[in-house]
Each structure stands twice: as C-alpha cells, then as structure tokens.
Amino acid sequence: MSKEGEHDHEETSHHSHDGTFEMDLSEIKKFGIEFDSVKGAPFSEVIKVSGEIEPAASDLSVLTARKSGVFTPSPGITPGATVKKGSVIGYISSEGIQGGNEAAAAKANLEAAKKEYERLKPLFKEGLVTASVFNDAERAYQEAKALSSPGLSENKISVISPSSGVISSLSVSSGQFVETGTNIATISKNSGLTLRADLPVRFSSKLGNIVSANFRPENSDSTFSLSALDGRKISGSFNVNNTTGYIPVYFSFNGNPSALSGNFAEVYLLGTVLPDIISIPREALIEIQGNYYAYVVHHGHAFEKRLVRTGSTDGKRIEVIEGILPGELIVSKGASVIRMAETSAIAPPSHSHNH
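These figures come from a predicted structure and were not determined experimentally. Numbering of residues starts from 1 in every chain and runs along the sequence as written. Confidence filtering applies because this is a predicted model: local features only for residues at pLDDT of at least 70, side-chain atom pairs given and counted only at 80 or more, and all residues used for totals across whole chains, interfaces and linings. Based on all heavy atoms of the structure, the side-chain values leave hydrogens and waters out of the count.

**Student:** It is not clear to me how the nonpolar core should be interpreted in this structure. Could you clarify?
**Tutor:** Nonpolar side chains in soluble globular proteins tend to be buried together. Counting residues in each nonpolar core, the largest one holds 20 residues, and the members touching the most others are Leu195, Leu199, Phe215, Phe251, Phe253, Val267 and Leu269. Put simply, the parts of the chain that give this core at least two residues each are β4 (40–55), β13 (192–200), β14 (212–217), β17 (246–254) and β18 (264–281). The contact criterion used throughout is that any non-hydrogen atoms of two residues lie within 4.5 Å. Excluding anything up to four places from it in sequence, Leu199 contacts Ile47, Val49, Leu207, Ile210, Gly245, Tyr246, Ile247, Val249 and Leu269. Note on terminology: a nonpolar core comprises buried Ala, Val, Leu, Ile, Met, Phe, Trp, Tyr and Cys residues joined through side-chain atoms within 4.5 Å. Three labels apply to residues, based on accessible area from a 1.4 Å probe with only protein chains included: buried if under 20% of the type maximum, exposed if over 50%, partly exposed otherwise in between. Core analysis: the second largest hydrophobic core is formed by 16 residues, Ala65, Ile92, Val172 and Ile184 among them. Starting at the N terminus, helices and strands are each numbered in turn, a helix being any DSSP run of H or I of at least four residues and a strand any DSSP run of E of at least two.

**Student:** Please clarify how the pattern of salt bridges should be interpreted in this entry.
**Tutor:** One side chain can pair with another of opposite charge once the charged atoms of both are near each other. Within this document, salt bridges are pairs made up of a side-chain nitrogen of Lys or Arg and a carboxyl oxygen of Asp or Glu, the two lying within 4 Å of each other. Counted under the stated rule, the structure contains 14 salt bridges. Two residues, Asp136 and Arg139, come together in a salt bridge whose shortest N-O distance is 2.5 Å. In this pair, Asp136 and Arg139 are both assigned in helix α4 (residues 131–147), three residues apart and thus about one turn of the helix distant. Judged by its relative accessible area of 34%, Arg139 is partly exposed. Note that Glu328 and Arg306 form a salt bridge whose closest N and O atoms lie 3.0 Å from each other. Here Arg306 lies in strand β21 (residues 302–313) and Glu328 lies in the loop between β22 (317–322) and β23 (329–333), a separation of 22 residues in the sequence. Like Arg306, Glu328 is buried. When salt bridges that share partners are traced, they join Glu52, Glu54, Arg196 and Asp198 into one network.

**Student:** Teacher, can you tell me more about the sheet that holds strand β11 (residues 176–178) here?
**Tutor:** The pairing of strands in a sheet happens through backbone hydrogen bonds and is either parallel or antiparallel. A pair of strands counts as paired when DSSP detects no fewer than two bridges linking them. Sheet architecture is open: four strands sit in the order β9-β8-β6-β11, paired in antiparallel fashion. Of all the strands in the sheet, just β9 (156–160) and β11 have a single pairing partner and so form its edges. Here the average twist between neighbouring strands, direction ignored, is 35°. In this analysis, axes come from line fits to C-alpha atoms, helices being fitted only over the stretch in contact, and the angle between any two N-to-C directions falls in the range 0 to 180 degrees.

**Student:** I tried to follow the environment of Ile338 on my own but got confused; where do I start?
**Tutor:** Within the element layout of this structure, Ile338 appears in helix α5 (residues 335–345). Taking the C-alpha atoms as reference points, Ile338 and Phe303, separated by 35 residues in sequence, lie 8.5 Å from one another. Not counting the four nearest positions on each side in its chain, Ile338 is found in contact with Phe21, Met23, Ile33, Tyr295, Phe303 and Val331.

**Student:** Looking at this model, I keep getting lost on the pairing of β14. Mind explaining?
**Tutor:** For a regular strand, side-chain orientation follows a simple rule: the groups alternate between the two sheet faces. The buried fraction of β14 is high, at six of six residues. By the alternation rule, side chains of β14 split into Ser212, Asn214 and Arg216 and Ala213, Phe215 and Pro217, which are all buried. In terms of strand pairing, β14 meets β18 through six bridges, oriented antiparallel. Each residue of the ladder has a partner; that of Ser212, found in β18, is Leu270. As defined by bridge partners, β14 adjoins strand β15 (residues 224–225) across two bridges and the pair is classed as antiparallel. Paired with Asn214 across the bridge in β15 is Ser225. Between the antiparallel neighbours β14 and β15 lie six residues, among them Asn219 with a positive phi of about 60°.

**Student:** Can you help me understand the sheet that holds strand β5 (residues 60–64) in this one?
**Tutor:** Spatially, the four strands line up as an open sheet ordered β5-β12-β10-β7, and their pairing is antiparallel. Since the sheet does not close on itself, it has two edges, and those belong to β5 and β7 (82–83), each with one partner. When β5 meets strand β12 (residues 183–188), the two strands line up antiparallel, connected through five bridges. Looking across to β12, one finds that Thr64 is bridged to Asn183.

**Student:** Explain the confidence of the model for the chain to me, please; I cannot follow it from the model alone.
**Tutor:** Reading predicted coordinates in detail is not appropriate for stretches of low pLDDT. Confidence scores labelled pLDDT are given residue by residue by the predictor and lie between 0 and 100. Mean pLDDT over the chain works out to 82, with 80% of the residues at or above the 70 mark. With pLDDT under 50 throughout, residues 1–11 is counted as low confidence; its partners more than four residues away or in other chains account for two contacts. Counted against residues more than four places away or in other chains, residues 347–355, with its pLDDT under 50, gives two contacts.

Here you go:
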C-alpha cells in the first residue's frame, strides 16, 4: 500500500473517469498555463500570401570607395552585421598601386571639412541653417577624419559607416581590387521598412478591401501586426505582373529587430471585418495526426481535449467554425505543455492504482 505522500505525488496529473485530464493547480501555475473565455468578436477576412521585407529607399546608405586599392573588411563585417555610425567597415590599401601620395590631400580635405562643420554648428543651434545642411557637413567631417585616421599608412584609408544600422549587402569581398566610386556596402537603418505582399491575381477582386496585414518573418516564431508598428498600406494597384501572375501590395512600417530587411515572410492580408466571429489564439491549438484540438477547461483544473474545425487565420488567431461554443473556457497558453503531461500520464494497466 502506498504512503499517503507518494499517492498524492503520483496523482498530480491523471485521467478522470469522465474522460477529462486533470493537473494539480500548482503545476498549472508553475508552467504558466493561462485560460481565456470564448466569445464572438470582430475578425477580418484573411488572405494568406508570401512576401518580402524590403528597406525603405530613404533608409539606405551606400558606402563607396574613396580611392582605388585592395579592400579588406574589418573583423565581423558580413551581411546582417550591426554597425554604429562612424565604425570602420574595412580598409582600402593602395600600396604597390600606381598613384600619388594622397596623405596631403586627405589632410587638406579634413581641415576644410572641420572648418565648415564648426562654422555651421552654432548656426544650427540658433536655427539659422537646416538639419539637412548641418548633417551633411557633419558627415563630411566624419568621413574626412576617417580618411586621415592616425596610425594608417599614407597608402591605406579606412571605410566608415555614415549611419548606424545593419549591413544589408556587401558588394566586394576581402582582397578584391576596387576602383574609386565602387559600391562597397549598403547600410540599412532598419527604422523604416516596406512589406511587399504578393497577392495572387485570382484574389484581385479583394484588393480594394485590404487595409492592413500581419506577417511572420522566415525563421521566426513571432507574428507581427502592422497596426502595432504604425504600418499603413501605401500601394496596391491592379497592374498584374504578367510573368508571375501576382499583384504586389506594399505597406510601410517602423522597423523591428526581428524583421530585418531582405527576409521573406508569411503575410496575412486583412480585409473586410466580420462581426461576432469565434476565434482563439494560435497557441491554443495542438495538431494530432492532421486534426486540430483545443483544451476546454472544467472546474479549474480538468481539461477536455476537444476536436475543432478551423477556418482562416490572421497569424495570431484562428477562426473556429465548429467544436467550441461561446462562453466556454479554453487553455489560451500552454496547450502543448498539457499535451505532453497528458501523454506521459497514459500508462500501461500495471501502473494504474487499485481503487
């Protein structure tokens, strides 16, 4: 006969006679399981498509070679790397390459840029020159300083980032010879981004109803809402790409660290809002052999695994067509934890207790 303490421990999670699965209240709290009452609410018509996150044109800075030579990137400089304004992207060495000594020219350029910067600084504080003019002068001064960096040989100059951001592309490789003016890298501030959604032409009649979107970048478990990122629809014409059969729909939004430009994404285009639709969080569903289930909560700590028929999803919530009724309480967070606990509680007959 088991001791009382052992019996209680073994019964923290088990199947009840009515077919529900029970968990101890302390376990529910420990694993952060949350409940939510089901009710009808507005839900948008959804068209799920593919798309890509692109940088806004005004958000890009292109670094070009200030002289001819061999380019060597700094350690860690690769596409996707984060850089700060003024940081050294790499170096260009003209050693052994025909050409004059540029040290004197670099020094003269620095002195002129510094003089202009210092002239405009007090005028900017007094509001006598625009921010654009002052920023251009400051950038020219910073670049001139980089070209005259102490410790560099007269045949070696540094390539610096004009702004903070992410290296969206690196156009040259280490050891490659570059001519003056060659594009070296593109820096994206990632503060303003564009989401391009590719709408199949068969949905062209829905184009006018599309007002916003949710999206999930590739290799991410998070779904972002454009409404939470100050997003807005900026275009969506009926000009169909005859090659692909898709209509591009564009949205602009504020940058997010997890939504880097260049990433492909699943896009949930949101259209006409329908009233009184039953929907539940995406995390509330579990999939078993192609079927979807949700856990309905009974008297606080017993869970009934309920087969549900689902409809469309906006990436965050999923429409429930059949299986759950308004007013019922479901597990909104932690359904996968309950599923694992339920599976581990299924034991062979020899393990069951004698009652």
